[in-house]
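# Examining the three-dimensional arrangement
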Amino acid sequence: MKRCAIVWLLALCLLLAGCGAQEAQEARIEEPPILLGFSQLGWESAWRLANTQSIKSAADAAGVTLMYDNAEQKQERQIKAIRSFIAYQVDVIAFSPIVETGWDNVLQEAKDAGIPVLTTDRMISTQDESLYAGFIGSDFRQEGIAAGEFLIEKAQGRELNIVELSGTLDSTPMLHRAEGFREAIAGHDNLKLIDSMSGDFLRPKGRECMKVLLEKHDRIDVLYSHNDAMTLGAISALEDAGLVPGEDVIIITVDGEQAAIDLLKEGRINCVVECKPQIGETVMELAEKLAAGEEIPRYTYSEERVFSEFDDDLDAIAPRGY
Ligand code: GZL
Ligand code: ZN
(Lines give C-alpha, C1' and ligand atoms only; values in the text may rest on other atoms or scores of the structure.)
(Ligands and ions follow the chains in the order given, each with its own letter.)
Protein backbone atom coordinates (compact mmCIF):
# COMPACT_ATOMS: atom_id res chain seq x y z
CA MET A 1 0.00 0.00 0.00
CA LYS A 2 2.74 2.35 1.09
CA ARG A 3 4.71 1.78 -2.14
CA CYS A 4 1.86 2.80 -4.43
CA ALA A 5 1.19 5.91 -2.31
CA ILE A 6 4.82 6.88 -2.82
CA VAL A 7 4.49 6.25 -6.56
CA TRP A 8 1.34 8.41 -6.64
CA LEU A 9 3.08 11.16 -4.69
CA LEU A 10 6.04 11.03 -7.05
CA ALA A 11 3.78 11.16 -10.09
CA LEU A 12 1.97 14.18 -8.60
CA CYS A 13 5.27 16.02 -7.99
CA LEU A 14 6.43 15.31 -11.55
CA LEU A 15 3.09 16.54 -12.89
CA LEU A 16 3.27 19.77 -10.85
CA ALA A 17 6.90 20.32 -11.82
CA GLY A 18 5.92 19.77 -15.43
CA CYS A 19 3.26 22.47 -15.50
CA GLY A 20 5.59 24.76 -13.52
CA ALA A 21 8.11 24.40 -16.31
CA GLN A 22 5.32 25.04 -18.79
CA GLU A 23 4.42 28.30 -16.99
CA ALA A 24 8.07 29.28 -16.77
CA GLN A 25 8.34 28.54 -20.48
CA GLU A 26 5.32 30.74 -21.20
CA ALA A 27 6.69 33.56 -18.99
CA ARG A 28 9.92 33.38 -20.94
CA ILE A 29 8.01 34.20 -24.13
CA GLU A 30 8.43 37.91 -23.45
CA GLU A 31 5.93 40.40 -24.74
CA PRO A 32 7.50 41.76 -27.98
CA PRO A 33 9.02 45.24 -27.24
CA ILE A 34 6.70 48.09 -28.21
CA LEU A 35 7.75 50.36 -31.06
CA LEU A 36 7.43 54.02 -30.02
CA GLY A 37 7.76 56.80 -32.57
CA PHE A 38 9.06 59.96 -30.83
CA SER A 39 9.30 63.38 -32.48
CA GLN A 40 11.49 65.78 -30.51
CA LEU A 41 11.12 69.46 -31.42
CA GLY A 42 14.77 70.50 -31.43
CA TRP A 43 17.83 71.22 -29.29
CA GLU A 44 17.37 74.88 -28.38
CA SER A 45 18.41 74.69 -24.73
CA ALA A 46 20.16 72.57 -22.09
CA TRP A 47 16.65 71.79 -20.87
CA ARG A 48 15.78 70.25 -24.24
CA LEU A 49 18.99 68.20 -24.35
CA ALA A 50 18.21 66.81 -20.89
CA ASN A 51 14.66 66.04 -22.01
CA THR A 52 15.95 64.11 -25.05
CA GLN A 53 18.45 62.22 -22.89
CA SER A 54 15.67 61.29 -20.47
CA ILE A 55 13.46 59.92 -23.25
CA LYS A 56 16.28 57.87 -24.79
CA SER A 57 17.61 56.38 -21.57
CA ALA A 58 14.11 55.59 -20.29
CA ALA A 59 13.31 53.77 -23.56
CA ASP A 60 16.50 51.71 -23.15
CA ALA A 61 15.68 50.89 -19.54
CA ALA A 62 12.09 49.94 -20.40
CA GLY A 63 13.08 47.82 -23.41
CA VAL A 64 11.02 50.09 -25.67
CA THR A 65 12.20 50.26 -29.28
CA LEU A 66 12.47 53.99 -30.06
CA MET A 67 12.14 55.54 -33.49
CA TYR A 68 13.50 59.03 -32.75
CA ASP A 69 13.49 62.16 -34.90
CA ASN A 70 14.73 65.67 -34.07
CA ALA A 71 12.78 68.34 -35.96
CA GLU A 72 15.35 71.12 -35.38
CA GLN A 73 12.69 73.64 -34.39
CA LYS A 74 10.52 73.08 -37.50
CA GLN A 75 6.86 72.05 -37.17
CA GLU A 76 6.77 70.70 -40.73
CA ARG A 77 9.56 68.29 -39.82
CA GLN A 78 7.59 67.06 -36.84
CA ILE A 79 4.59 66.46 -39.11
CA LYS A 80 6.81 64.54 -41.55
CA ALA A 81 8.22 62.42 -38.73
CA ILE A 82 4.72 61.58 -37.46
CA ARG A 83 3.73 60.53 -41.01
CA SER A 84 6.74 58.21 -41.18
CA PHE A 85 5.82 56.68 -37.80
CA ILE A 86 2.34 55.99 -39.23
CA ALA A 87 3.88 54.39 -42.32
CA TYR A 88 6.02 52.19 -40.06
CA GLN A 89 2.86 51.30 -38.13
CA VAL A 90 4.49 52.03 -34.76
CA ASP A 91 2.52 50.96 -31.69
CA VAL A 92 2.41 54.45 -30.15
CA ILE A 93 3.38 58.00 -31.22
CA ALA A 94 4.69 60.53 -28.70
CA PHE A 95 5.80 64.09 -29.52
CA SER A 96 6.67 67.47 -28.05
CA PRO A 97 4.60 69.84 -30.23
CA ILE A 98 6.71 72.93 -30.90
CA VAL A 99 3.52 75.02 -31.14
CA GLU A 100 -0.05 74.34 -30.04
CA THR A 101 -1.83 74.57 -33.41
CA GLY A 102 -1.63 72.90 -36.85
CA TRP A 103 -1.71 69.21 -35.82
CA ASP A 104 -5.28 68.13 -36.61
CA ASN A 105 -4.65 66.65 -40.08
CA VAL A 106 -1.65 64.50 -39.21
CA LEU A 107 -3.18 63.37 -35.92
CA GLN A 108 -6.37 62.40 -37.79
CA GLU A 109 -4.17 60.21 -40.00
CA ALA A 110 -2.69 58.59 -36.86
CA LYS A 111 -6.22 58.06 -35.49
CA ASP A 112 -7.36 56.49 -38.79
CA ALA A 113 -4.34 54.17 -38.58
CA GLY A 114 -5.39 53.20 -35.04
CA ILE A 115 -2.16 54.53 -33.48
CA PRO A 116 -2.58 56.22 -30.06
CA VAL A 117 -0.81 59.58 -29.57
CA LEU A 118 0.79 60.99 -26.39
CA THR A 119 1.80 64.66 -26.17
CA THR A 120 4.89 65.21 -24.02
CA ASP A 121 6.31 68.44 -22.52
CA ARG A 122 4.02 70.71 -24.57
CA MET A 123 0.34 70.52 -25.54
CA ILE A 124 -1.72 70.97 -28.65
CA SER A 125 -4.94 72.93 -28.90
CA THR A 126 -7.61 71.24 -31.03
CA GLN A 127 -11.38 71.04 -31.34
CA ASP A 128 -11.15 67.25 -31.48
CA GLU A 129 -9.90 66.01 -28.11
CA SER A 130 -9.95 62.42 -29.42
CA LEU A 131 -6.84 63.19 -31.51
CA TYR A 132 -4.56 62.46 -28.56
CA ALA A 133 -4.83 60.14 -25.58
CA GLY A 134 -3.13 62.33 -22.96
CA PHE A 135 -0.38 64.79 -21.92
CA ILE A 136 2.66 64.41 -19.67
CA GLY A 137 4.68 67.46 -18.66
CA SER A 138 4.65 70.64 -16.60
CA ASP A 139 1.86 72.91 -15.43
CA PHE A 140 3.19 76.06 -17.12
CA ARG A 141 0.45 78.33 -15.81
CA GLN A 142 1.49 77.34 -12.29
CA GLU A 143 5.11 78.13 -13.16
CA GLY A 144 4.03 81.62 -14.26
CA ILE A 145 2.02 82.09 -11.08
CA ALA A 146 5.03 81.06 -8.98
CA ALA A 147 7.18 83.64 -10.78
CA GLY A 148 4.59 86.35 -10.12
CA GLU A 149 4.18 85.40 -6.48
CA PHE A 150 7.95 85.62 -5.92
CA LEU A 151 7.96 89.13 -7.44
CA ILE A 152 5.08 90.33 -5.25
CA GLU A 153 7.07 89.27 -2.19
CA LYS A 154 10.34 90.70 -3.52
CA ALA A 155 8.75 94.04 -4.52
CA GLN A 156 7.53 94.89 -1.03
CA GLY A 157 5.06 97.31 -2.64
CA ARG A 158 7.75 99.20 -4.62
CA GLU A 159 6.85 100.55 -8.09
CA LEU A 160 8.67 98.22 -10.50
CA ASN A 161 8.92 98.25 -14.31
CA ILE A 162 8.90 94.68 -15.66
CA VAL A 163 10.03 93.40 -19.06
CA GLU A 164 9.32 89.85 -20.24
CA LEU A 165 11.35 87.61 -22.54
CA SER A 166 8.83 85.10 -23.82
CA GLY A 167 9.47 81.69 -25.38
CA THR A 168 8.46 80.39 -28.81
CA LEU A 169 5.23 82.14 -29.83
CA ASP A 170 2.13 79.88 -29.67
CA SER A 171 4.02 77.25 -27.65
CA THR A 172 2.37 75.94 -24.49
CA PRO A 173 5.13 77.10 -22.11
CA MET A 174 5.13 80.58 -23.65
CA LEU A 175 1.32 80.99 -23.59
CA HIS A 176 0.82 79.68 -20.09
CA ARG A 177 3.92 81.06 -18.35
CA ALA A 178 2.74 84.46 -19.65
CA GLU A 179 -0.84 83.82 -18.55
CA GLY A 180 0.06 82.63 -15.03
CA PHE A 181 2.47 85.52 -14.40
CA ARG A 182 -0.12 88.11 -15.45
CA GLU A 183 -2.79 86.45 -13.31
CA ALA A 184 -0.52 86.51 -10.25
CA ILE A 185 0.48 90.19 -10.48
CA ALA A 186 -2.98 91.44 -11.50
CA GLY A 187 -4.28 93.89 -8.89
CA HIS A 188 -0.77 94.78 -7.74
CA ASP A 189 -0.63 98.20 -9.42
CA ASN A 190 2.94 98.77 -8.28
CA LEU A 191 4.05 96.02 -10.68
CA LYS A 192 4.00 97.35 -14.27
CA LEU A 193 4.63 94.97 -17.20
CA ILE A 194 5.97 97.56 -19.67
CA ASP A 195 7.15 95.32 -22.55
CA SER A 196 7.45 91.74 -23.84
CA MET A 197 9.57 90.30 -26.65
CA SER A 198 9.97 86.71 -27.85
CA GLY A 199 13.47 85.29 -27.62
CA ASP A 200 12.22 81.90 -28.93
CA PHE A 201 13.82 80.12 -25.95
CA LEU A 202 17.25 80.82 -27.50
CA ARG A 203 20.27 82.31 -25.65
CA PRO A 204 21.50 84.61 -28.51
CA LYS A 205 17.97 85.96 -29.05
CA GLY A 206 17.61 86.55 -25.33
CA ARG A 207 20.71 88.74 -25.49
CA GLU A 208 19.50 90.63 -28.62
CA CYS A 209 16.05 91.26 -27.16
CA MET A 210 17.49 92.48 -23.86
CA LYS A 211 19.70 94.98 -25.74
CA VAL A 212 16.66 96.30 -27.62
CA LEU A 213 14.63 96.57 -24.41
CA LEU A 214 17.45 98.45 -22.65
CA GLU A 215 17.66 100.94 -25.54
CA LYS A 216 13.86 101.35 -25.58
CA HIS A 217 13.18 101.89 -21.86
CA ASP A 218 14.73 104.37 -19.43
CA ARG A 219 14.20 102.14 -16.41
CA ILE A 220 13.89 98.37 -16.25
CA ASP A 221 13.64 96.98 -12.70
CA VAL A 222 12.64 93.36 -13.39
CA LEU A 223 13.27 90.73 -16.09
CA TYR A 224 10.82 87.82 -16.23
CA SER A 225 12.28 85.30 -18.69
CA HIS A 226 10.51 82.13 -19.86
CA ASN A 227 13.69 80.03 -19.87
CA ASP A 228 17.23 80.01 -18.52
CA ALA A 229 18.85 79.97 -21.98
CA MET A 230 17.33 83.38 -22.79
CA THR A 231 18.14 84.61 -19.28
CA LEU A 232 21.84 83.78 -19.71
CA GLY A 233 21.85 85.80 -22.95
CA ALA A 234 19.99 88.67 -21.31
CA ILE A 235 22.41 88.77 -18.37
CA SER A 236 25.36 89.34 -20.70
CA ALA A 237 23.46 92.26 -22.30
CA LEU A 238 22.72 93.72 -18.85
CA GLU A 239 26.38 93.46 -17.86
CA ASP A 240 27.44 95.06 -21.17
CA ALA A 241 25.19 97.97 -20.19
CA GLY A 242 26.97 98.27 -16.83
CA LEU A 243 24.02 96.89 -14.85
CA VAL A 244 24.36 94.32 -12.05
CA PRO A 245 21.88 91.45 -12.60
CA GLY A 246 20.11 90.43 -9.39
CA GLU A 247 20.65 93.90 -7.91
CA ASP A 248 19.99 96.68 -10.47
CA VAL A 249 17.54 94.35 -12.25
CA ILE A 250 15.59 91.59 -10.48
CA ILE A 251 15.93 88.39 -12.54
CA ILE A 252 13.21 85.72 -12.52
CA THR A 253 13.76 82.72 -14.79
CA VAL A 254 12.23 79.29 -15.52
CA ASP A 255 13.78 75.83 -16.09
CA GLY A 256 16.29 75.26 -13.30
CA GLU A 257 19.44 74.54 -15.33
CA GLN A 258 22.64 74.26 -13.29
CA ALA A 259 23.94 77.50 -14.80
CA ALA A 260 20.90 79.38 -13.47
CA ILE A 261 21.17 77.81 -10.03
CA ASP A 262 24.85 78.78 -9.87
CA LEU A 263 23.92 82.41 -10.67
CA LEU A 264 21.16 82.25 -8.04
CA LYS A 265 23.78 81.23 -5.46
CA GLU A 266 25.94 84.20 -6.59
CA GLY A 267 23.01 86.60 -6.20
CA ARG A 268 22.90 87.42 -9.95
CA ILE A 269 19.52 85.72 -10.36
CA ASN A 270 16.79 86.16 -7.73
CA CYS A 271 14.36 83.34 -8.53
CA VAL A 272 14.53 80.09 -10.56
CA VAL A 273 11.20 78.32 -11.19
CA GLU A 274 11.85 74.62 -11.81
CA CYS A 275 10.60 72.93 -14.98
CA LYS A 276 11.48 69.23 -14.99
CA PRO A 277 12.91 67.81 -18.27
CA GLN A 278 13.31 64.27 -16.91
CA ILE A 279 9.91 62.85 -17.85
CA GLY A 280 11.18 59.86 -19.87
CA GLU A 281 10.24 57.15 -17.38
CA THR A 282 6.63 58.30 -17.17
CA VAL A 283 6.47 58.67 -20.96
CA MET A 284 7.44 55.00 -21.30
CA GLU A 285 4.93 53.86 -18.64
CA LEU A 286 2.12 55.73 -20.41
CA ALA A 287 3.23 54.51 -23.86
CA GLU A 288 3.21 50.88 -22.66
CA LYS A 289 -0.30 51.32 -21.26
CA LEU A 290 -1.49 52.77 -24.58
CA ALA A 291 0.16 49.92 -26.52
CA ALA A 292 -1.74 47.46 -24.30
CA GLY A 293 -4.98 49.27 -25.11
CA GLU A 294 -5.34 50.65 -21.58
CA GLU A 295 -6.73 54.08 -20.63
CA ILE A 296 -4.27 56.71 -19.33
CA PRO A 297 -4.91 59.92 -17.34
CA ARG A 298 -5.70 62.87 -19.60
CA TYR A 299 -3.05 65.02 -17.86
CA THR A 300 0.01 63.83 -15.92
CA TYR A 301 1.87 66.79 -14.35
CA SER A 302 5.44 66.89 -13.01
CA GLU A 303 5.97 67.90 -9.37
CA GLU A 304 8.03 71.11 -9.48
CA ARG A 305 9.47 73.61 -6.99
CA VAL A 306 10.79 77.17 -6.84
CA PHE A 307 14.34 78.15 -5.88
CA SER A 308 14.87 81.75 -4.73
CA GLU A 309 16.97 84.13 -2.65
CA PHE A 310 14.45 83.59 0.15
CA ASP A 311 15.51 79.91 0.52
CA ASP A 312 17.41 79.03 3.73
CA ASP A 313 20.24 77.06 2.17
CA LEU A 314 20.87 77.39 -1.57
CA ASP A 315 24.00 75.24 -1.23
CA ALA A 316 21.72 72.30 -0.36
CA ILE A 317 20.33 72.28 -3.92
CA ALA A 318 21.41 68.96 -5.48
CA PRO A 319 23.30 69.02 -8.81
CA ARG A 320 20.71 69.61 -11.52
CA GLY A 321 22.11 67.29 -14.18
CA TYR A 322 21.37 69.77 -17.00
C1 GZL B 1 9.21 73.47 -21.18
C2 GZL B 1 9.94 73.34 -22.50
C3 GZL B 1 10.68 74.59 -22.81
C4 GZL B 1 11.79 74.90 -21.81
C5 GZL B 1 12.78 75.55 -22.69
O6 GZL B 1 8.57 72.27 -20.88
O7 GZL B 1 9.03 73.09 -23.55
O8 GZL B 1 11.30 74.44 -24.08
O9 GZL B 1 11.36 75.73 -20.77
C10 GZL B 1 12.70 74.69 -23.93
O11 GZL B 1 14.10 75.58 -22.21
O12 GZL B 1 13.18 75.36 -25.02
ZN1 ZN C 1 -2.58 76.02 -24.18
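Note: the structure precedes this text.
Presented here is a report on the structure given in the accompanying data block. Sequence positions are assigned chain by chain, starting from 1 and proceeding in written order. Whichever chain is written first becomes A and whichever ligand is written first becomes 1, with later ones labelled in order. Thresholds applied to this predicted model are a pLDDT of at least 70 for local features of residues and 80 or more for the giving and counting of side-chain atom pairs; totals over whole chains, interfaces and linings are not thresholded and use all residues. Computation of side-chain values: all heavy atoms of the structure, hydrogens and water removed.

### Observations regarding the sheet that holds strand β5 (residues 134–137)
Within a sheet, adjacent strands bond to each other through the backbone by hydrogen bonds, running parallel or antiparallel. Strand pairing follows a simple DSSP-based rule, namely that at least 2 bridges must link the two strands. The way it works is that DSSP assigns letters per residue, a run of H or I at least four long becomes a helix, a run of E at least two long becomes a strand, and they are numbered from the N terminus. Read from one edge to the other, the open sheet built from six strands follows the order β2-β1-β3-β4-β5-β11, with strand pairing classed as parallel. Because the sheet does not close on itself, it has two edges, and the strands there are β2 (65–70) and β11 (299–301). Put simply, the sheet's adjacent strands are angled 20° from each other on average, direction ignored. The pairing of strand β3 (residues 92–95) with strand β4 (residues 117–120) spans three bridges and is parallel. Each axis is a line fitted through C-alpha atoms, and for a helix only the stretch in contact is used; angles between axes span 0 to 180 degrees, taken between their N-to-C directions.

### Points about the environment of H188
Of note, H188 is situated in the loop between α6 (172–185) and β7 (191–198). Buried, partly exposed and exposed residues are distinguished by accessible area as a fraction of the type maximum, computed with a 1.4 Å probe on protein chains only: under 20%, between the cut-offs, and over 50%, respectively. A residue is classified by how much of its surface remains accessible, and H188, at 29% relative accessible area, is partly exposed. Along the backbone, H188 and G157 are 31 residues apart, and their C-alpha atoms lie at a distance of 8.1 Å.

### Considering the packing of aromatic side chains
Note on aromatic pairs: the rings of Phe, Tyr and Trp (six-membered ring only in Trp) are paired at centre separations within 6.5 Å, and the planes decide the class, stacked below 30 degrees, edge-to-face beyond 60, tilted for the rest. Following the criterion strictly, the structure yields six aromatic pairs and no others. Ring geometry for F181 and Y224: centres 4.1 Å apart, planes at 15°, overall stacked. Of this pair, F181 sits in helix α6 while Y224 sits in strand β8 (residues 222–225), placing them 43 residues apart in sequence. In this structure Y224 comes out as buried when scored by relative accessible area, which is 0%. Ring pairing ties together the aromatic residues F135, Y299 and Y301, which thus form one cluster. Here, a charge over a ring means that NZ of Lys or CZ of Arg falls within 6 Å of the ring centre while also lying within 35 degrees of the ring normal. The ring of Y68 carries K56 above its face, with NZ or CZ at 4.2 Å from the centroid. Directly above the aromatic system of Y132 lies the positively charged group of R298, at a separation of 4.0 Å from the ring centroid.

### Looking at the nonpolar core
Counting residues in hydrophobic clusters, the biggest one holds 25 residues, and the most contacted among them are L165, M210, L223, I251, I269 and V272. Among the secondary structure elements, those contributing two or more residues to this core are β6 (160–166), α7 (203–216), α8 (228–240) and α9 (258–265). Counting residues per element, this core draws most heavily on α8, at six residues. In terms of nonpolar packing, the next biggest core, distinct from the first, is built from 22 residues, L151, V222, V254 and C275 among them. The set of buried Ala, Val, Leu, Ile, Met, Phe, Trp, Tyr and Cys residues whose side-chain atoms join them within 4.5 Å is what this entry labels a nonpolar core.

### Here we look at the site of ligand 1
Close contacts around ligand 1 come from 13 residues, with E44, D121, R122, R177 and D255 the closest. By the criterion applied in these results, polar contacts are pairs of N or O atoms within 3.5 Å in which, for protein atoms, one can donate a hydrogen and the other can accept it, and in which residues neighboring in sequence qualify only through two side-chain atoms. One of the side-chain N or O atoms of E44 is found 2.4 Å from an oxygen atom in ligand 1. For the accessible areas, the method is Shrake-Rupley and the probe is 1.4 Å, while residue cover comes only from the protein chains on display. Surface burial for ligand 1 is 100%, taken as the share of its 310 Å² of free accessible area covered by protein chains. Mapped by element, the contributors of at least two residues to the shell around ligand 1 are α2 (46–62) and α6. One heavy atom suffices: a residue is near a molecule or strand as soon as one of its heavy atoms comes within 4 Å of it.

### Details of the coordination of the zinc ion (ligand 2)
Angles at a metal have ideal values that depend on geometry: 109.5 degrees with four tetrahedral donors, 90 or 180 degrees with six octahedral donors. Shown as donors are all N, O and S atoms within 2.8 Å of a metal ion, widened to 3.2 Å for Na, K and Ca; because water is not in the atom set, sites may appear incomplete. Bound to the zinc ion (ligand 2) are the protein donor atoms E100 (OE), E100 (OE) and H176 (NE2), situated 2.1 to 2.6 Å from the metal. Of the two residues, E100 is situated in the loop between β3 and α4 (104–112) and H176 in helix α6; the sequence distance between them amounts to 76 residues.

### Here's the deal with the sheet that holds β6
Spatially, β7-β6-β8-β9-β10-β12 is the arrangement adopted by the six strands of the open sheet, whose pairing is mixed. In this open sheet, the two edge strands, each paired with only one partner strand, are β7 and β12 (306–308). Pairwise comparison of adjacent strand axes, ignoring direction, gives a mean angle of 15° for this sheet. Pairing of β8 with strand β9 (residues 250–255) involves four bridges; the strand directions are parallel. When the bridges of β9 are listed, S225 appears paired with T253.

### Description of the packing of helix α5 (residues 140–155) against α6
Here α5 crosses α6 at 40°, and the two axes come no closer than 6 Å. Here the hand of the crossing between α5 and α6 comes out right-handed. Of α6, the residues touching α5 (which contributes F140, R141, E143, G144, I145, A147, G148, E149, L151 and I152) are T172, P173, H176, R177, E179, G180, F181, E183, A184 and I185. For any helix crossing, the convention is left-handed if the near helix is rotated counterclockwise from the far helix by under a right angle, and right-handed if that rotation is clockwise. Contact definition: two residues touch when any of their heavy atoms are within 4.5 Å.

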